[in-house]
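A structural walkthrough
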Amino acid sequence: MEFAKLADALKALGDPTRLKIVALLNKRDCCVCELVPIFGISQPAVSRHMSRLKSAGLVTEQRKGQWVFYTLNRDRLEEIGFSLQHLPDFSSEFEVLEKQGLLVFCE
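Attention in this report is confined to the structure presented alongside it. It should be emphasised that the depicted structure is a prediction, and the values quoted were computed from it without experimental measurement.

**Remarks on the packing of helix α2 (residues 16-25) against helix α4 (residues 43-55)**
- Contact geometry of α2 with α4 gives a least axis separation of 10 Å together with a crossing angle of 75°. By the angle between their directions, the pair α2 and α4 is classed as roughly perpendicular. Contacts from Thr 17, Arg 18, Ile 21, Val 22 and Leu 25 in α2 reach His 49, Met 50, Arg 52 and Leu 53 in α4.
- Among the residues making up the contact of α2 with α4, the classes are represented as five nonpolar, two polar and two charged.

**Points about the environment of Arg 18**
- Note on placement: Arg 18 falls in helix α2.
- Taking the C-alpha atoms as reference, Arg 18 lies 9.0 Å from Val 46; in sequence the two are 28 residues apart.
- When sequence neighbours within four positions are dropped, the list of residues in contact with Arg 18 reads Lys 11, Ala 12, His 49, Arg 52 and Leu 53.

**What to know about the side chain of Arg 18**
- Buried within the structure, Arg 18 lacks any salt-bridge partner; Asp 15 is the closest side chain of opposite charge, at an N-O distance of 4.4 Å.
- Here the side chain of Arg 18 touches Ala 12 through a polar contact of 2.8 Å, landing on its backbone oxygen.

**Side note on the pairing of strand β2 (residues 59-64)**
- The pairing of β2 with strand β3 (residues 67-72) spans six bridges and is classified as antiparallel. Within β3, the position partnered with Gln 62 by the bridge is Phe 69.
- Hairpin connection, β2 to β3: the antiparallel pair is bridged by two residues, and Gly 65 has positive phi, about 65°.

**What to know about the packing of α2 against helix α3 (residues 32-39)**
- α3 packs onto α2 with a crossing angle of 125° between their chain directions and a minimal axis gap of 12 Å. By the angle between their axes, α2 is oblique relative to α3. Crossing of α2 over α3 shows right-handed handedness. Contacts between α2 and α3 involve Thr 17, Lys 20, Ile 21 and Leu 24 from the first element and Leu 35, Ile 38 and Phe 39 from the second.
- For the contact of α2 with α3, a count of residues per class yields five nonpolar, one polar and one charged.

**Overview of the packing of aromatic side chains**
- For the structure shown, the criterion picks out zero aromatic pairs.
- A cation over a ring is seen here: Lys 20 above Phe 90, with NZ or CZ 4.7 Å from the ring centre.
- Against the face of Phe 94 rests Arg 28, its NZ or CZ located 5.1 Å from the ring centre.

The rules behind each value
Residues numbered from 1 in each chain as written. Predicted model: local features only at pLDDT ≥ 70, side-chain atom pairs only at ≥ 80, totals over all residues. Heavy atoms only, no water. Axes fitted to C-alpha atoms, helices over the stretch in contact; angles between N-to-C directions. Helix = DSSP H or I, 4+ residues; strand = E, 2+ residues; numbered from the N terminus. Parallel < 35°, antiparallel > 145°, perpendicular 65-115°, else oblique. Contact = heavy atoms within 4.5 Å. Nonpolar A, V, L, I, M, F, W, Y, C, P; charged D, E, K, R; others polar. Buried < 20%, exposed > 50% of the residue type's maximum accessible area, 1.4 Å probe, protein only. Lys, Arg positive; Asp, Glu negative; His and termini not counted. Salt bridge = Lys/Arg side-chain N within 4 Å of Asp/Glu carboxyl O. Polar contact = N/O pair within 3.5 Å; in protein donor to acceptor, adjacent residues only side chain to side chain. Pairing = 2+ DSSP bridges. Left-handed = near helix turned anticlockwise from the far one by under 90°. Phe/Tyr/Trp six-rings, centres within 6.5 Å; stacked < 30°, edge-to-face > 60°. Lys NZ or Arg CZ within 6 Å of the ring centre and 35° of its normal.

See the structure below:
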């Protein structure tokens, strides 16, 4: 991998919010609107974090109706030597969202 691209990916992972987003996406694909209540920041702020992760090639997006879902680019993370095994398990964050009726399900 090109050194500059490696540095860019590692910089993107160096932010605590983005690192937590990666940990959450390790459990399931997410829409920005699901991440807003988890972080308690605005939708544009979450979107900027997602844009940064996407520009580093760490996430991909897929449109499902009106929703845009983000998925980890596991190949890219493996390519830079980033192990998802060492990330904390934030599954409880999704359980809280589910109880609040804030999870997005597309069919």
